[in-house]
Amino acid sequence: MELGIIGLPTSGKTTVFNALTKADRPTTTASTGKLELFSMVVDVPDARVDILSEMYHPRKTIYAKVAYTDIAGLDQDLGKKGLSGELRNKIAPMDAFVHVVRAFDNPQAPHLLGSVNPQRDLDTLDGEFILADMMTVENRLQRIAEGLHKGARGPERQALQDSQALFERLRDALNAGTPLRDLGLTLEEKIGLRGYSLLSLKPVLVLLNTGETPLQPEKVLSYAHADSVVLALQGKLEMEISQLEPDEAQMFMEEFAIRELAASRVIQASYQLVNLQSFFTVGEDEVRAWNVPVGATALEAAAAIHSDLARGFIRAEVIAYHDLIEAGNMAAARKAGKLQLEGKEYIVKDGDIVHIRFSV
Ligand SMILES: Nc1nc2c(ncn2[C@@H]2O[C@H](COP(=O)(O)OP(=O)(O)O)[C@@H](O)[C@H]2O)c(=O)[nH]1
Ligand SMILES: [Mg+2]
C-alpha cells in the first residue's frame, strides 16, 4: 500500500515525509520545480502487536507496513491546464494521497503565492487534480464516441454505451468541481475505472502542517468529501522528534507532555483510509500483523500469509484479541472456549488472532 505525499511547494511535504518515516531527506526553502519521487516503507504502530510480543517473546515482531512517497515538483504543472502526462503516470500507482497544507509562517521559506492561506492551497491542488481527471474523462468519451460512430455492434456496442453513461456521470461531477470519490461508485465501477488512474477518486488524508502553533484544522479549512480525513501535525517538531534516538524521543515527549505523536496517528489513519485492517499470527518464532481489506474472508487471510495455506486450507482457529488478553494466555483462552473453528467463508475482523490449519 502506497500513499503519495502531495502539496504545494514549501507546504512541508519533505518535512512530513521525514516525520512519518524517520528519514533525513533535505528540506528546501523554495520550489526546485523538478519532478522527483522518493519512497520509504514504515511500520504501522499498533499497541496490540507490542502487547502480543510481550506475551510471546518471539524472535521476530513484524508490524503491518505502509509506504510513503514524497512527490516533489507537482508545481511545475500548476495552472497549465492539467498536470502533465509524465506526472500523472508517476502518481497513478498510489493507493491514496496525503495532501499537506501549509498553515505555518516562515519568512525563510516564503510561500509561493505570497501569503499563508490553507483553504486556498487545498482548493488549488484539489482543483488541479479535478482538471487532470477531466482531461482523462474527456479523452475516454471521445474514444467511445469514435467507437460508436464506427458502428460497433452487439455486445461491443452495449459495452461502449454503458461506459459512455458512466463517463458522462464522471464528467458532470468534475464539471461541478466535485471530486470523483464523492460519487459513491460501486466496487464494480471502481474496478472498471482502475486503468484510468483517476486522481480525485483516490482517498485523501488532508494534513494541516501547523508549524509551531498547534491548530484545530476545522478552524482554518473545511474538506467535506467522501473517502477523506483531515488531521493536523506540527511538521518541523515531529520531524525533529522522529530523528532522535528512541529514549531521547521519549524524554522529549515527556518534557513537552506529548502523549502520542501525530505522525503515529497519521500512519494509522492512512491504513484505515484505504480500508485495510489487521489480523495477527502469534507464536514463539514470530508475532506478526497482516493486512487484509475490510470484509476479507478466512481464505483470503490464509492467502495473505502464503498461497499454500489457502490451497490446503482446512480450518481457521480464531480468537479475538481482547478475548486472548482477558484470558491471559492462549491455553486459558482455549479452556474458556474462546477459540472458534471457522471455515473459508468466515469474515475476518480487525484484531483477530488467526491460526490456519492446512495440509498440502
Ligand atoms: N517554521 C516552520 N517551518 C517549517 C515547518 N515545516 C516545514 N517548514 C519549512 O518550510 C520549508 C519547506 O519545507 P519542505 O518540507 O522542504 O517542503 P516541501 O517543499 O513541501 O517538501 C523548509 O524550509 C522547512 O524547514 C514547520 O512546521 N515550521
Ligand atoms: Mg520537498
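Computed from a prediction, not measured in an experiment: that's the story for all the values here.

A.B. asks: Lay out the side chain of Arg181 in plain terms, naming residues and giving numbers.
C.D. replies: Tracing the sequence through the fold places Arg181 in the loop between helix H5 (154–175) and helix H6 (187–193). Buried charge without a salt bridge: Arg181, with Asp126 as the nearest opposite-charge side chain at an N-O distance of 4.4 Å. Here Lys202 takes part through its backbone oxygen, which lies 2.9 Å from a polar atom of the side chain of Arg181. Sequence-distant contacts of Arg181, that is, excluding residues within four places in its chain, are made with Asp126, Ser200, Leu201, Lys202, Pro203, Val204, Tyr223, His225, Ala226 and Asp227.

A.B. asks: Summarise the side chain of His99; cite the residues concerned and give the values.
C.D. replies: Mapped onto the secondary structure, His99 falls in strand S5 (residues 96–102). The exposure class assigned to His99 is buried, which follows from its relative accessible area of 3%. Setting aside anything within four residues of it in sequence, one finds His99 in contact with Ile6, Gly7, Asp121, Leu122, Leu125, Asp126, Val204, Leu205, Val206 and Leu207.

A.B. asks: Let's hear about the nonpolar core: which residues, and what values?
C.D. replies: Formed by 44 residues in total, the largest nonpolar core has its most connected members in Leu20, Val66, Tyr68, Val98, Leu205 and Leu207. Sorting elements by how many residues they give to this core places helix H10 (residues 262–273) first, with seven residues. Per-domain counts for this core show at least three residues from each of domain 1 (2–209) and domain 2 (295–358). Counting 22 residues, the second-largest nonpolar core is a separate cluster that includes Leu35, Leu87, Val204 and Leu208.

A.B. asks: Tell me about the site of ligand 1, residues and numbers included.
C.D. replies: Taken together, 19 residues surround ligand 1, and among them Thr10, Lys13, Thr14, Thr15 and Thr28 come closest. Here Ser11 contributes a backbone N or O atom positioned 3.3 Å from an oxygen atom of ligand 1. Within the side chain of Asn209, a nitrogen or oxygen atom sits 3.2 Å from a nitrogen atom of ligand 1. Within the residue set of the shell around ligand 1, elements represented by two or more residues are helix H1 (13–21) and helix H8 (235–242). Among the elements that make up the shell around ligand 1, the one with the highest residue count is H1 (three residues). Here the residues of the shell around ligand 1 are counted per class, giving four nonpolar, 12 polar and three charged.

A.B. asks: I'd like a rundown of unusual backbone geometry, residues and numbers included.
C.D. replies: Not every positive phi belongs to a glycine, and His57 is a case in point at roughly 45°. Checked against the element boundaries, His57 lands in the loop between helix H2 (47–56) and strand S3 (60–62). Unusually for a residue other than glycine, Asp227 sits at a positive phi of about 45°. With respect to the secondary-structure elements, Asp227 resides in the loop between helix H7 (217–220) and strand S7 (228–233). Given a relative accessible area of 34%, Asp227 falls into the partly exposed group.

A.B. asks: I'd love a proper account of the packing of helix H4 (residues 118–149) against H5, names of residues and values included.
C.D. replies: At a closest axis distance of 9 Å, the pairing of H4 and H5 adopts a crossing angle of 155°. Relative to H5, H4 is oriented roughly antiparallel. When the axes of H4 and H5 are compared, the crossing they make is left-handed. Residues Ile130, Asp133, Met134, Val137, Glu138, Arg140, Leu141, Ile144, Gly147 and Leu148 of H4 form the contact with H5, whose own contacting residues are Arg157, Leu160, Gln161, Ser163, Gln164, Phe167, Glu168, Leu170, Arg171, Leu174 and Asn175. Of the residues that constitute the contact of H4 with H5, the class distribution is 10 nonpolar, five polar and six charged.

A.B. asks: Which residues make up the pattern of salt bridges, and what are the values?
C.D. replies: Scanning the model with the defined rule gives 13 salt bridges in all. Glu286 is the salt-bridge partner of Lys60, the closest N and O atoms lying 3.6 Å from each other. Of this pair, Lys60 sits in strand S3 while Glu286 sits in strand S9 (residues 286–293), placing them 226 residues apart in sequence.

How each quantity is defined
- Residues numbered from 1 in each chain as written.
- Chains lettered and ligands numbered in written order.
- Predicted model: local features only at pLDDT ≥ 70, side-chain atom pairs only at ≥ 80, totals over all residues.
- Heavy atoms only, no water.
- Helix = DSSP H or I, 4+ residues; strand = E, 2+ residues; numbered from the N terminus.
- Buried < 20%, exposed > 50% of the residue type's maximum accessible area, 1.4 Å probe, protein only.
- Lys, Arg positive; Asp, Glu negative; His and termini not counted.
- Salt bridge = Lys/Arg side-chain N within 4 Å of Asp/Glu carboxyl O.
- Polar contact = N/O pair within 3.5 Å; in protein donor to acceptor, adjacent residues only side chain to side chain.
- Contact = heavy atoms within 4.5 Å.
- Core = buried A, V, L, I, M, F, W, Y, C linked by side-chain atoms within 4.5 Å.
- Domains from an automatic or database assignment.
- Near = heavy atom within 4 Å.
- Nonpolar A, V, L, I, M, F, W, Y, C, P; charged D, E, K, R; others polar.
- Axes fitted to C-alpha atoms, helices over the stretch in contact; angles between N-to-C directions.
- Parallel < 35°, antiparallel > 145°, perpendicular 65-115°, else oblique.
- Left-handed = near helix turned anticlockwise from the far one by under 90°.

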